[in-house]
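Commentary on secondary and tertiary structure
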Amino acid sequence: MAVVFERPKALLDVPTHYCPGCTHGVIHRLVAEVIDELGILDKTIGVAPVGCSVLAYDYFTCDMYEAAHGRAPAVATGIKRSVPDSVVFTYQGDGDLAAIGTAEIIHAAARGEKITTIFVNNAIYGMTGGQMAPTTLPGQVTETSPYGRDVNTAGHPIRVSEMISTLDGAVYVERVSVDSVPNIIKAKKAIKKAFEIQLKGLGFSFVEVLSICPTNWGLSPNESIKWLRDNMIPYYPLGVKKDATTGEVK
């Protein structure tokens with residue numbers, strides 16, 4: 001019997017620590033499938049963040065580093081410059097990348113570092129209990145915004161992909177989602193293109209993935225998917241924000 005679906009070689013056959021319904025596992029699989037399909041497992045090096053995906057090094061079979069909070073782009077820069085033939089990616093959440101790590105990601109993109117960043121945006125701090133994040137939506141209730149995010153005091157959410165796309169060193173920037181099978185297929189296509197950009201040595205590539213956090217949103221997985229569609233996608237529109245290989249900028 002022909003095998004039509006199996007675990008990617010880039011993923012270990014182990015249980016993960018993620019909460020039920022969390023889509024980190026889906027995103028991990030997409031990254032692993034891309035690594036397999038491109039045949040780059042033996043030269044890929046990932047950098048894990050501080051956050052819900054802090055243990056990503058326990059799940060990928062490629063070499064992995066653990067970075068201090070927010071510093072994954074700096075660590076990835078050092079790896080890529082030291083081992084230029086390697087394929088280097090960071091896997092970061094919104095608390096890690098868009099808060100304490102803002103300067104790191106902005107300057108890595110501005111320098112055009114030849115690395116790839118997978119940015120998981122679930123609009124909340126997940127690992128530490130559900131506090132408001134830089135990506136928390138206006139009016140969204142969190143542990144530290146019990147009456148909803150007030151933009152008059154907490155400011156507005158940061159649209160990271162749009163910000164990164166303004167930088168000359170960023171070659172490819174796209175926002176995707178994993179809320180449905182069609183969108184998961186599109187997400188994998190974007191991740192694959194981001195790695196291909198790096199393999200061609202063209203510059204910095206960035207894929208933002210809208211994700212759910214049922215535990216800290218206080219919703220069931222199905223309710224969380226609906227909340228993402230109804231609230232996150234309108235505020236964070238999906239699609240290519242910049243593709244310097246085609247001249248596309250939005």
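Here's what I pulled together on the structure shown here. (Residues numbered from 1 in each chain as written. Predicted model: local features only at pLDDT ≥ 70, side-chain atom pairs only at ≥ 80, totals over all residues. Heavy atoms only, no water.)

**Thoughts on the pattern of salt bridges**
- This model, assessed by the stated rule, comprises 13 salt bridges.
- Among the salt bridges present, the one from Lys188 reaches Glu37, with a minimum N-O distance of 2.4 Å. You can see Lys188 sitting in helix α7 (residues 181-199) and its partner Glu37 sitting in helix α1 (residues 24-38), a full 151 residues away along the chain.
- Among the charged side chains, a salt-bridge network with shared partners connects Arg29, Glu33, Glu37, Lys188 and Lys192. (Salt bridge = Lys/Arg side-chain N within 4 Å of Asp/Glu carboxyl O. Helix = DSSP H or I, 4+ residues; strand = E, 2+ residues; numbered from the N terminus.)

**Points about the side chain of Ser161**
- Here Ser161 shows up in helix α6 (residues 160-165).
- Judged by its relative accessible area of 0%, Ser161 is buried.
- Look past the residues within four positions of Ser161 in its chain and what remains in contact with it is Val173, Glu174, Arg175, Phe206, Glu208 and Lys241. (Buried < 20%, exposed > 50% of the residue type's maximum accessible area, 1.4 Å probe, protein only. Contact = heavy atoms within 4.5 Å.)

**Some remarks on α7**
- End to end, α7 covers 27 Å across 19 residues, agreeing with the expected 27 Å (1.5 Å per residue, within 8%).
- Listing the buried residues of α7 in full gives Asn183, Ala187, Lys188, Ala190, Ile191, Ala194, Phe195, Ile197 and Gln198. (Expected span 1.5 Å × (residues − 1).)

**Thoughts on the environment of Pro221**
- Within the secondary structure, Pro221 is located in helix α9 (residues 221-235).
- It is 7.7 Å that separates the C-alpha atoms of Pro221 and Pro20, two residues lying 201 residues apart in sequence.
- Not counting residues within four places of it along the chain, the set of residues in contact with Pro221 comprises Pro20, Gly21, Ile212 and Pro214.

**What about the pairing of strand β6 (residues 204-210)?**
- Counting buried positions along β6 yields seven of seven residues, so the element is predominantly enclosed.
- Neither face of β6 is left uncovered, since the one carrying Phe204, Phe206, Glu208 and Leu210 and the one carrying Ser205, Val207 and Val209 both have all their residues buried.
- Sheet topology places strand β4 (residues 116-121) next to β6; six bridges connect them, and they run parallel. Within β6, the residue paired with Asn121 across the bridge is Leu210.
- In terms of handedness, the path from strand β5 (residues 170-177) via α7 over to β6 forms a crossover that is right-handed. (Pairing = 2+ DSSP bridges. Right-handed = clockwise from strand over helix to strand, strands pointing away.)

**What about the nonpolar core?**
- Ranked by internal contacts, the top residues of the largest apolar core, which has 33 residues, are Val31, Phe60, Phe89, Ile118, Ile191, Phe195 and Val207.
- Looking at this core, the elements that each hand over two or more residues are α1, β3 (87-93), β4, β5, α7 and β6.
- Among residues more than four places away in sequence, those in contact with Phe89 are Val31, Ile35, Thr44, Ile45, Gly46, Val47, Cys62, Met64, Thr116 and Phe195.
- Formed by 21 residues, the second largest nonpolar core is a distinct cluster that contains Ala76, Val88, Leu97 and Phe206. (Core = buried A, V, L, I, M, F, W, Y, C linked by side-chain atoms within 4.5 Å.)

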